[in-house]
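A look at the structure
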Amino acid sequence: MAGGDRHPASATAGHGSFVEVVAVCVRYLPLLIMLAAWELVGRSGLVSQQMLPGVGAIATAFFDLLQSGELVTNAWRSLSRAATGLGLAVIIGIAVGLLMATRPLFRTLINPLVRILYPMPKSALIPLVMIWFGLGDASKIFLIFLGCLLPVIVSAYHGARGVNPFVIWSATSLGASQEEVLREIILPAALPDILAGCRTALAFSFILMVSSEFVIAKDGLGFLIGSLGDGGNYPAMFAVILTVAGTGFVADRLFGSFVNHCLRWKEQA
Amino acid sequence: MSTLSALLKREGLMQALVLAGLALVWEASSRAGWVHPFLLPALSDVLVRLFTDMQSGAVFVDLGLTLYRALTGFVIAAVLAVPLGILMARKRGVQWFFDPLISIGFPMPKIAFVPIFILWFDIYDTSKVIMITFSCFFPIVTATYSGTSHIDKWPLWSARSLGASESQLLREIILPLAAPSIMTGLQIALPVGMITTIVTEMLMGGSGIGGAMIAAGRFADSVGVFAGIMEIAILGMVVIRALDRLRARLLVWHPENRAH
């Protein structure tokens, strides 16, 4: 999806060949340049240290937060909410999407809801989940669940609808039961679409996790960012923001390699 | 053909009936007291609120502000990201510099950067628009880059051998061939921009639907919250439909539109 997937060579650079090491360095040099530019702008006094804390100050603040346990506690609260919402959304979303593709009555009943909810910016539901579930975990989990649910439903539905009907007919004529058709044919054929939907849902789970914690500030990484910012501790605020961004990045990359692992049977285009 | 359209019409009718049924259940459940009206105000109350807000013009002020912020950020992102994506695919040096930055920026939850933009640009429209631009930018640049770099070399070579200049090449070959991918990037970016707009409005205030809804939420005005959700749902649907239409209009020549 993103740039890193286009460079399989750099992913296997662990063999220690000098050329490969140089290639990786050259590839990631722009990041170092940006980091150096950041540090230089901060030092030169063009902008105040308040506005742009130096890289060193941010790193120190990061380790302080790590040692005090604040970062770990809040990260755990945030990520467990995101994982619960996302996990529920994936399980229910796949089931609903497959049912919509195989049961016309079910589709007629569910499709209007999907078509109303899909284009709606889910962050608009934050005040609603506050009214329904209060300020605790439930409201955030429900919001993340709903936000992640729709991409999974839509991708599972499209994936399952795209299955060649001839394959299903042959399997049925060879005596496959409905359940076997679902497990052996529809699910594998829809898997690439489903996994792509799950990857979108993963990105949504992070967005909704952080936004809901900003607005319904009680605990979690979003709350930590807000309270550090309100207290004027900007190096620590930057450190937590970069932690959230880094976690989102790593989660997406891990899921990307999981997708490649799941689809290794598929012919590469 | 006629049976197919009849079938489609019947499915549309069925879906409309399902929606009407849901609306009835909604209305009945709060009128009959099955659900507390604070948790689920009656549909009619929400519609009445929507209507009075429309009469007073408050809806249009909020909708207009939200739409203005979302579209400004989105358009700025498109103006920056499309040329950059094309340049990345065409010029090795540009690709070298931006590829690692964008492949790291793309999967990051950009919304986490809101407090930094508040710190830098205060809480008014500037920081909202910059935040929206920032979150729309990455999907557009990624899609443009991938669309442009997957263009077959043969049309490029033929055009060049027939004497096309670089600007002709860009206008006649690259842009049309990359257009479906660019449009997809825009179609991903716009909903992301809408989500970001709502969240920035909720966090920074300054009217707009997000601001109005969070105010309604704080005052426990659940009718107001539901009216806001309806407004946003309609706005989101209209904006996404408009982009679908634009795609069909711009890519009339493309095989993807030939099936119908």
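Residues numbered from 1 in each chain as written. Chains lettered and ligands numbered in written order. Predicted model: local features only at pLDDT ≥ 70, side-chain atom pairs only at ≥ 80, totals over all residues. Heavy atoms only, no water.

**Quick look at the overall build of chain A**
The line we're drawing: Comment: elements are numbered from the N terminus, with helices defined as DSSP H or I runs of at least four residues and strands as E runs of at least two. Throughout this description, buried means an accessible area under 20% of the type-specific maximum (1.4 Å probe, protein chains only), exposed means over 50%, and partly exposed covers the range between. What makes two residues a contact is simply this: any of their non-hydrogen atoms within 4.5 Å.
Counting secondary structure elements, chain A contains 11 helices and zero strands. From first element to last, N terminus to C terminus, chain A shows the α and β order α-α-α-α-α-α-α-α-α-α-α. With the C-alpha coordinates of chain A rotated into their principal frame, the extents come out at 75 × 60 × 30 Å. Of all 269 residues assigned to chain A, the portion counted as buried reaches 43%. Here the contacts in chain A between residues at least 6 apart in sequence split such that 70% fall between residues at least 24 apart.

**Let's talk about the overall build of chain B**
Counting its regular elements, chain B contains 10 helices and zero strands. Along its sequence from the N terminus, chain B presents helices and strands in the succession α-α-α-α-α-α-α-α-α-α. Reported as C-alpha extents along the three principal axes, the dimensions of chain B are approximately 75 × 60 × 30 Å. Going through the 260 residues of chain B one by one, you find that 47% of them count as buried. Put simply, of all contacts in chain B between residues at least 6 apart along the chain, 70% involve residues at least 24 apart.

**Description of helix H10 (residues 221-230) of chain A**
Count 3.6 residues to each turn of an α-helix, and residues three or four apart come out pointing the same way. Under the convention used in this document: Note that the arc is defined by the directions from the helix axis to the C-beta atoms.
All of the buried residues in H10(A) are Leu221(A), Gly222(A), Leu224(A), Ile225(A), Leu228(A) and Gly229(A). All buried residues of H10(A) project into a common sector of 160 degrees when viewed along the axis, lining one side. The inward-facing, buried residues of H10(A) abut helix H3 (55-68), helix H4 (70-102), helix H9 (178-215) and helix H11 (234-262) of chain A together with helix H5 (114-121) of chain B. Note on H10(A): the residue one or two positions beyond its end, Gly232(A), has a positive phi of about 75 degrees.

**Some thoughts on the side chain of Ser135(B)**
To keep it simple, the criterion reads: In protein, a polar contact means a hydrogen-donor-capable atom and an acceptor-capable atom, both N or O and within 3.5 Å, with residues adjacent in sequence counting only if both atoms are side-chain atoms; elsewhere, any N or O pair within 3.5 Å suffices.
Note on placement: Ser135(B) falls in helix H6 (residues 125-149). At 3.2 Å, the side chain of Ser135(B) and the backbone oxygen of Ile132(B) are in polar contact.

**Let's talk about the interface of chain A and chain B**
Defined as follows: A simple way to read buried area is as the amount of 1.4 Å-probe accessible surface that goes missing from two parts once joined, with both sides added. We count a salt bridge whenever a side-chain nitrogen from Lys or Arg sits within 4 Å of a carboxyl oxygen from Asp or Glu.
Listed per partner, the contact involves 56 residues of chain A and 49 residues of chain B. Between chain A and chain B, roughly 4,900 Å² of surface is buried when both sides are summed, and carbon and sulfur atoms account for 81% of that area. Residues Arg27(A) and Asp99(B) are paired through a salt bridge, measuring 3.0 Å at the closest nitrogen-oxygen approach. Counting the contacts that link chain A with chain B gives seven residue pairs in polar contact (both at pLDDT 80 or more). Elements with a minimum of two residues in the side of chain A that touches chain B: helix H2 (18-44), helix H5 (104-117), helix H6 (126-133), H9 and H11 of chain A.

**Comments concerning the packing of aromatic side chains**
Geometry of an aromatic ring pair is reported as the spacing of the ring centres plus the angle between the planes. To keep things clear, this is the line we draw: For Phe, Tyr and Trp, where Trp contributes only its six-membered ring, two rings pair if their centres lie within 6.5 Å, and the inter-plane angle classes them as stacked under 30 degrees, edge-to-face over 60, or tilted in between.
If you walk through the whole model with that rule in mind, you get 21 aromatic pairs over all chains. Taking 5.5 Å as the distance between ring centres and 75 degrees as the angle between the ring planes, the aromatic pair formed by Phe62(A) and Phe63(A) counts as edge-to-face. Judged by relative accessible area, which is 51%, Phe63(A) ranks as exposed. Summarising the aromatic geometry, the rings of Phe134(B) and Phe138(B) are spaced 5.7 Å apart at their centres and angled 80 degrees between planes, so their arrangement reads as edge-to-face. A residue pair is termed a helical-turn pair when its members lie 3 or 4 positions apart in one helix, as Phe134(B) and Phe138(B) do in helix H6 at four residues. Taken together, the ring pairs in this structure connect Trp38(A), Phe238(A), Phe113(B), Phe117(B), Trp120(B), Phe121(B), Phe134(B), Phe137(B) and Phe138(B) into an aromatic cluster.

**A short note on the confidence of the model for chain A**
Counted only if it meets this: The score called pLDDT rates the predictor's confidence residue by residue, from a low of 0 to a high of 100.
Across chain A, the average pLDDT comes to 86, with 93% of residues at 70 or higher. Scored below 50 in pLDDT, residues 1-14 of chain A makes 26 contacts in the model with residues more than four places away or belonging to other chains.

**Describing a nonpolar patch on the surface**
Threshold: Like charges within 9 Å and nonpolar side chains (Val, Leu, Ile, Met, Phe, Trp, Tyr) within 5 Å are joined into patches, using only residues over 30% in relative accessible area that form no salt bridge. Where accessible areas are quoted, they stem from the Shrake-Rupley method and a 1.4 Å probe; at the residue level, only the protein chains shown are allowed to cover.
Together, Phe18(A), Val22(A), Val26(A), Leu29(A), Leu32(A), Ile33(A), Leu35(A) and Trp96(B) make up a nonpolar patch on the protein surface, roughly 720 Å² of accessible area in all. Counting residues per element, the nonpolar patch draws most heavily on H2(A), which supplies seven residues. For Leu32(A), a relative accessible area of 53% gives the class exposed.

**Here's the deal with the pattern of salt bridges**
All chains considered together, the criterion is met by 17 salt bridges over all chains. For Arg81(A), the salt bridge identified is with Glu213(A), shortest N-O distance 2.9 Å. With a gap of 132 residues between them, Arg81(A) in helix H4 and Glu213(A) in helix H9 connect regions that are remote in the sequence. Here Arg171(B) and Glu172(B) are joined by a salt bridge, their closest N and O atoms 4.0 Å apart. With respect to burial, Arg171(B) and Glu172(B) carry one shared label: exposed.

**Examining the nonpolar core**
Using the following cut-off: Note on terminology: a nonpolar core comprises buried Ala, Val, Leu, Ile, Met, Phe, Trp, Tyr and Cys residues joined through side-chain atoms within 4.5 Å.
Core analysis: the largest hydrophobic core is formed by 140 residues, its most contacted members being Met237(A), Val240(A) and Ile140(B). Setting aside anything within four residues of it in sequence, one finds Ile140(B) in contact with Phe74(B), Ala77(B), Ala78(B), Ala81(B), Val82(B), Gly185(B), Leu186(B) and Ala189(B).

**Notes on the environment of Leu86(A)**
Residues and elements named next belong to chain A. With respect to the helices, strands and loops of the structure, Leu86 is situated in helix H4. The buried category is assigned to Leu86, whose relative accessible area is 15%. For the pair Leu86 and Leu202, spaced 116 residues apart in sequence, the C-alpha to C-alpha distance is 7.0 Å.

**Some points on the packing of H3(A) against H4(A)**
Residues and elements named next belong to chain A. Quick note on the threshold: Axis lines are fitted to C-alpha atoms, over the contacting stretch for helices. Their N-to-C directions set the angle, which ranges from 0 to 180 degrees. An angle below 35 degrees is read as roughly parallel, one above 145 as roughly antiparallel, one from 65 to 115 as roughly perpendicular, and any other as oblique.
For the pair H3 and H4, the least separation of the axes is 4 Å and the interaxial angle reads 75 degrees. Classed by the angle they form, the pair H3 and H4 counts as roughly perpendicular. In this structure, H3 uses Phe62, Leu65, Leu66 and Ser68 to contact H4, whose residues at the interface are Glu70, Leu71 and Val72.

**Section: the environment of Phe138(B)**
For Phe138(B), a relative accessible area of 9% corresponds to the buried category. Counting along the chain gives 36 residues from Phe138(B) to Ile102(B), while the straight-line C-alpha distance between them is 6.8 Å.

**A short note on a positive patch on the surface**
Note the following rule: None of His or the chain ends enter the tally, which takes Lys and Arg as positive and Asp and Glu as negative. One atom stands in for each charge, and that atom is NZ of Lys, CZ of Arg, CG of Asp or CD of Glu.
A cluster of basic residues, Arg115(A), Arg241(B), Arg245(B) and Arg249(B), forms a positive patch at the surface. At three residues, the largest contribution of residues to the positive patch is made by helix H10 (residues 222-250) of chain B. Tracing the backbone through its elements, the reader meets Arg115(A) in helix H5. With relative accessibility at 46%, the residue Arg115(A) sits in the partly exposed group.

**Quick look at the confidence of the model for chain B**
Averaged over every residue, the pLDDT of chain B is 87; the share at 70 or more is 95%. Model confidence for the complex: the whole-complex pTM is 0.86, and ipTM, which rates the interface, is 0.84.

**Details of the state of the cysteines**
Just so we agree on the cut-off: Cysteine sulfur atoms that pair up within 2.5 Å are treated as a disulfide.
If you walk through the whole model with that rule in mind, you get zero disulfides over all chains. For the unlinked cysteine Cys198(A), the closest cysteine sulfur is that of Cys148(A), found at 9.3 Å.

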